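Examination of the molecular architecture
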Amino acid sequence: MKKGKAYIIGAGPGDFELLTLKAKRIIENADCIVYDRLISDDILRLAKKSAELIYLGKENQTLVKKCLEGKNVARVKGGDPFVFGRGGEEIEALFKNEIEFEVIPGITSSISVPAYAGIPVTHRGLARSFHIFTGHTMENGKWHNFENIAKLEGTLIFLMGVKNLDLIVNDLIKYGKDSKTPVAIIEKGATKNQRVTVGNLENILELVEKNRITPPAITVIGEVVNL
Ligand code: SAH
């Protein structure tokens with residue numbers, strides 16, 4: 001039997017209209033849609049009636065299996081598939097099974113969610129770079145090198161950073177970042193439930209507790225927050 005093709009698709013952040021035309025066309029034609037937690041129902045409604053819809057978090061075998069069944073599969077992920085999206089791992093599994101694939105980049109939440117909160121990640125005179133980190137995985141038990149990170153002058157952006165925010169904030173201050181550096185946390189960005197909490201390194205942990213901040217959220221640290 002002829003194998004199906006896999007499309008690794010970034011669907012952008014919450015706002016349905018940030019889906020690309022290319023992603024839309026492929027989702028409309030796919031035999032099977034494999035989607036993650038961040039995908040809105042509006043996107044799934046694009047699927048054709050006969051399409052099989054499968055919710056899947058972190059495992060790659062389903063994707064392989066469906067393609068081996070001859071189905072064209074749209075693997076739809078929040079934001080961009082290569083920004084902490086495990087897109088590369090999925091492609092490794094497809095490659096091993098000699099399954100054809102194509103990547104459709106998406107608008108990553110790391111830039112667009114700050115934008116929806118009114119924060120430009122760079123700004124002349126304020127930030128000449130931006131740096132995107134995961135606040136989540138401690139690879140091999142090793143945490144980021146905050147001694148170096150605290151010295152960066154650009155905007156710091158943390159995805160998946162709610163759980164470890166105390167570590168992030170305390171390490172930045174410990175290694176010399178000004179404790180008055182502005183911080184914004186944007187929950188459920190680009191959706192109707194978006195909420196923005198603004199403070200600084202010194203008081204943000206209090207605000208997180210007070211506002212009961214929950215994931216998914218993006219943390220932006222730097223002077224651009226004041227814009
Ligand atoms: N590939 C995705 C990121 C996946 S990691 C991308 O490019 O956007 C998941 C993390 O992304 C969440 O924990 C959160 O930090 C961030 N995130 C994704 N969508 C978000 C949204 N709509 N609002 C706030 N944070 C979001």
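Here's a quick rundown of the structure. Everything numeric here is computed off the predicted structure, so don't read it as measured data.

**Some thoughts on helix α8 (residues 204-211)**
Those residues of α8 that sit buried are Ile204, Leu207 and Val208. Along the long axis of α8, the arc covered by the buried residues comes to 105 degrees, so they all point the same way. In α8, the exposed positions angled more than 90 degrees off the buried face are occupied by Glu206, Glu209 and Lys210. Residues of α8 that are buried in the fold lie against α7 (165-174), β8 (182-187) and β9 (195-200). Remark: Arg212 follows α8 within two positions and exhibits a positive phi of approximately 45 degrees.

**Here's the deal with the site of the ligand**
For the ligand, the set of nearby residues contains 18 residues, the closest of which are Val83, Thr108, Ser109, Gly189 and Ala217. Here Ser109 contributes a side-chain N or O atom positioned 2.5 Å from an oxygen atom of the ligand. Here an oxygen atom of the ligand sits 2.8 Å away from a polar atom, N or O, in the main chain of Met160. For the shell around the ligand, the secondary structure elements donating two or more residues are α5 (109-116) and β10 (217-221).

**Section: the packing of aromatic side chains**
Taken as a whole and assessed by the stated rule, the structure comprises four aromatic pairs. Consider the rings of Trp143 and Phe146, whose centres lie 5.5 Å apart with planes at 35 degrees: the pair is tilted. Given the relative accessible area of 18%, Trp143 is considered buried. Geometrically, the ring pair formed by Phe146 and Phe158 is stacked, given 6.2 Å between the ring centres and 15 degrees between the ring planes. Taken together, the residues span a long stretch of sequence, with Phe146 in helix α6 (residues 146-149) and Phe158 in strand β7 (residues 155-159) at a distance of twelve residues. You'll find Phe146 and Phe158 in the same group, each marked buried. Put simply, the rings of Phe133, Trp143, Phe146 and Phe158 pair up and form one aromatic cluster.

Rules behind the numbers
Residues numbered from 1 in each chain as written. Predicted model: local features only at pLDDT ≥ 70, side-chain atom pairs only at ≥ 80, totals over all residues. Heavy atoms only, no water. Buried < 20%, exposed > 50% of the residue type's maximum accessible area, 1.4 Å probe, protein only. Helix = DSSP H or I, 4+ residues; strand = E, 2+ residues; numbered from the N terminus. Arc of directions from axis to C-beta. Contact = heavy atoms within 4.5 Å. Near = heavy atom within 4 Å. Polar contact = N/O pair within 3.5 Å; in protein donor to acceptor, adjacent residues only side chain to side chain. Phe/Tyr/Trp six-rings, centres within 6.5 Å; stacked < 30°, edge-to-face > 60°.

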